[in-house]
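# Report on the structure
The chain contents come next:
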Amino acid sequence: MKRQLISTILIICFLIGLTGCSGRENKTKILRFGLEVAPDNGSTKIAEEIADDVYKRTGGSVKIEVYPSGQLGTQRDYIESAMLGIIDIGYTSLAGLENFEPGFVLYDIPFTISSSRQAQKLWDSPYSKDVREKLLKEKGIRMLCWLDMGPRNVYTTKEIRTAEDFSKLTMRLADVKGLIDLFDALDASPQVLAFSDIYTGMQTGVVNGFEIGLESTLSNNLQEVAEYCIETSHSYTLDGFFMSEKSFMQLTDTEQDIVLDAFAKGGQKQIETFQNNLPKFKRQLTEAGVETITLPGEEMNKLFEKAEPAIKKSIAGIYDESIVEEIRNMAD
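What comes next concerns the included structure. (Residues numbered from 1 in each chain as written. Predicted model: local features only at pLDDT ≥ 70, side-chain atom pairs only at ≥ 80, totals over all residues. Heavy atoms only, no water.)

## Let's talk about the overall build of the protein
Check the secondary structure of the protein and you find twelve helices and nine strands. The globule rule puts the C-alpha radius of gyration for 332 residues at 20 Å, and the 20 Å found for the protein is close to it. Along the first, second and third principal axes, the C-alpha atoms of the protein reach 60 × 40 × 40 Å. Taking all 332 residues of the protein together, the buried fraction comes to 56%. Considering only contacts within the protein whose residues lie at least 6 apart along the sequence, 75% involve residues at least 24 apart. Total accessible area on the protein stands at roughly 14,500 Å², and carbon and sulfur atoms take up 49% of it. Averaging the coordinates of the 36 positive side-chain charges in the protein and doing the same for the 50 negative ones gives two points 4 Å apart. (Helix = DSSP H or I, 4+ residues; strand = E, 2+ residues; numbered from the N terminus. Rg over C-alpha atoms; globule rule 2.2 N^0.38 Å. Buried < 20%, exposed > 50% of the residue type's maximum accessible area, 1.4 Å probe, protein only. Contact = heavy atoms within 4.5 Å. Areas by Shrake-Rupley, 256 points an atom, 1.4 Å probe, with all protein chains shown as cover. Lys, Arg positive; Asp, Glu negative; His and termini not counted. Charge placed at Lys NZ, Arg CZ, Asp CG, Glu CD.)

Spelled out as structure tokens, the structure:
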């Protein structure tokens with residue numbers, strides 16, 4: 001499977017006119033940046049701004065080419081390819097890195113993060129710094145910044161009013177163990193599909209629910225295939241930009257500093273822009289005809305109880321159970 005994946009990506013690189021895919025012999029160093037989200041998604045726009053910034057500040061010695069809409073594969077493909085130095089820069093949910101470094105479950109423990117400020121505190125914490133360093137040393141992937149995608153809710157064609165109603169759902173999920181365990185614990189039926197397959201999966205009835213952030217729902221027109229938004233806020237979406245260390249080390253010291261600074265500033269701008277746009281996104285969802293359902297407190301408590309085994313399972317052998325309260329206390 002991995003051999004087939006590598007071959008496919010190499011063919012893509014050839015077709016888009018790149019020479020040697022990882023070659024750096026030309027005066028201008030080309031860095032390929034893969035994103036699975038749409039061109040008008042805020043993350044793509046920030047990626048393009050970062051690319052322009054890097055090109056200008058390096059005097060054209062580093063050119064970042066942005067490929068949105070899954071042109072270079074899925075988030076998992078980006079990670080695997082970055083480990084091999086095939087794709088230079090990628091975009092992923094931080095939870096998606098859990099399959100490669102289990103410590104990244106830190107960002108995806110259900111019902112722990114509730115705000116952007118709390119997410120920033122977690123990113124700056126020793127736990128987070130340690131797991132990012134481990135990813136760099138063991139997998140050759142350098143995290144560049146985190147991105148704010150807000151709380152994740154459930155979008156579905158089924159009307160969900162109680163905790164028991166979750167048994168009606170066949171949920172499209174990313175290939176993330178923690179997410180799969182969570183919705184299994186909530187009595188839904190997990191179904192792993194690529195992000196790009198959500199729309200057709202909902203249309204054809206392969207799945208009847210999915211869970212992502214609000215901006216991603218709107219920018220990919222997924223409100224067209226959903227009738228309800230169930231405000232579970234079961235996790236807070238932290239995405240991120242990362243870079244292959246093999247590619248990073250082919251840059252000069254000055255170029256490295258510019259790339260790191262551009263991504264740090266770009267990530268901060270995305271966070272601020274997202275928070276400012278959140279009320280507008282909520283209005284757009286309503287205007288699209290999607291009904292937002294807020295579950296009563298007693299039903300949310302039932303979800304919390306059902307999720308408890310998944311929470312313990314997600315961190316077993318990785319973190320002590322006390323970390324759940326530590327993260328929740330970062331909201332203070």
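## Observations regarding the pattern of salt bridges
Side chains that differ in sign of charge can pair as their charged atoms come close. Taken as a whole and assessed by the stated rule, the structure comprises 20 salt bridges. Across the pair R57 and D261 runs a salt bridge whose closest N-O atoms are separated by 2.8 Å. Of this pair, R57 sits in helix 2 (residues 42-57) while D261 is found in helix 10 (residues 253-287), placing the two residues 204 residues apart along the sequence. Judged by relative accessible area, which is 36%, R57 ranks as partly exposed. For the salt bridge of K134 with E101, the shortest nitrogen-to-oxygen distance reads 3.9 Å. A residue pair is termed long-range when its members are at least 10 positions apart, and K134 in helix 5 (residues 126-139) and E101 in the loop between strand 3 (89-93) and helix 4 (116-124) qualify at 33 residues. We classify E101 as buried; its relative accessible area is 5%. (Salt bridge = Lys/Arg side-chain N within 4 Å of Asp/Glu carboxyl O.)

## Remarks on the side chain of S314
Note on placement: S314 falls in helix 11 (residues 297-315). Of the residues examined, S314 reaches a relative accessible area of 6% and is grouped as buried. Dropping the residues within four chain positions of it, S314 is found in contact with V105, I109 and P110.

## Focus on the side chain of Q118
Structurally, Q118 is set in helix 4. Of the residues examined, Q118 reaches a relative accessible area of 1% and is grouped as buried.

## Some remarks on the nonpolar core
The biggest cluster of nonpolar side chains holds 34 residues, and the ones touching the most others in it are L94, F104, L106, Y107, M143, L238 and I323. For this core, the secondary structure elements donating two or more residues are helix 3 (75-84), helix 4, helix 5, strand 4 (141-156), strand 8 (228-244), helix 11 and helix 12 (322-329). Beyond its immediate sequence surroundings of up to four residues, L94 is in contact with F104, Y107, W123, M143, L238, D239 and G240. One finds I46, I89, Y91 and M243 within the second-largest nonpolar core, a separate group that totals 25 residues. (Core = buried A, V, L, I, M, F, W, Y, C linked by side-chain atoms within 4.5 Å.)

## Looking at the packing of helix 6 (residues 177-185) against helix 11
Two elements in contact, helix 6 and helix 11, have axes separated by 8 Å at closest approach and are oriented at 155 degrees. By the angle class used here, helix 6 and helix 11 are roughly antiparallel. The two elements helix 6 and helix 11 cross, and the hand of that crossing is right-handed. Between helix 6, through K177, D181, L182 and A185, and helix 11, the contact on the second element is made entirely by K306, A307, A310 and K313. Within the contact of helix 6 with helix 11, the residues separate by chemical class into four nonpolar, no polar and four charged. (Axes fitted to C-alpha atoms, helices over the stretch in contact; angles between N-to-C directions. Parallel < 35°, antiparallel > 145°, perpendicular 65-115°, else oblique. Left-handed = near helix turned anticlockwise from the far one by under 90°. Nonpolar A, V, L, I, M, F, W, Y, C, P; charged D, E, K, R; others polar.)

## Brief notes about the pairing of strand 6 (residues 189-192)
Sheet topology note: the strand 5 (residues 170-173)/strand 6 ladder contains four bridges and is parallel. Bridged to L173 within strand 6 is V192. With helix 6 bridging strand 5 and the parallel strand 6, this β-α-β connection has right-handed handedness. (Pairing = 2+ DSSP bridges. Right-handed = clockwise from strand over helix to strand, strands pointing away.)

## Considering the environment of P151
Positionally, P151 belongs in strand 4. Along the primary structure P151 and L214 are separated by 63 residues, whereas in three dimensions their C-alpha atoms are 7.8 Å apart. When near neighbours in sequence (up to four residues on either side) are disregarded, P151 contacts I212, G213, S233, S235, Y236 and T237.

## Notes on the pairing of strand 3
Most of strand 3 sits out of view: five of its five residues are buried. Of the two faces of strand 3, the one holding I89, Y91 and S93 and the one holding G90 and T92 are both buried throughout. Alignment of strand 1 (residues 29-34) against strand 3, held across two bridges, turns out to be parallel. Across the sheet, residue G34 finds its bridge partner in strand 3, namely G90. Relative to strand 8, strand 3 runs antiparallel, the two being bridged by five bridges. The residue of strand 8 that forms the bridge with T92 is G240.

## Remarks on the environment of D239
One can find D239 in strand 8. Taking the C-alpha atoms as reference, D239 lies 21 Å from Q223; in sequence the two are 16 residues apart. The contact partners of D239, leaving out residues within four places of it in the chain, are Y91, T92, S93, L94, C145, W146, L147 and M149. Here the side chain of D239 touches Y91 through a polar contact of 2.4 Å, side chain to side chain. (Polar contact = N/O pair within 3.5 Å; in protein donor to acceptor, adjacent residues only side chain to side chain.)

The quantities given are spatial measurements derived from coordinates; they are silent on function.
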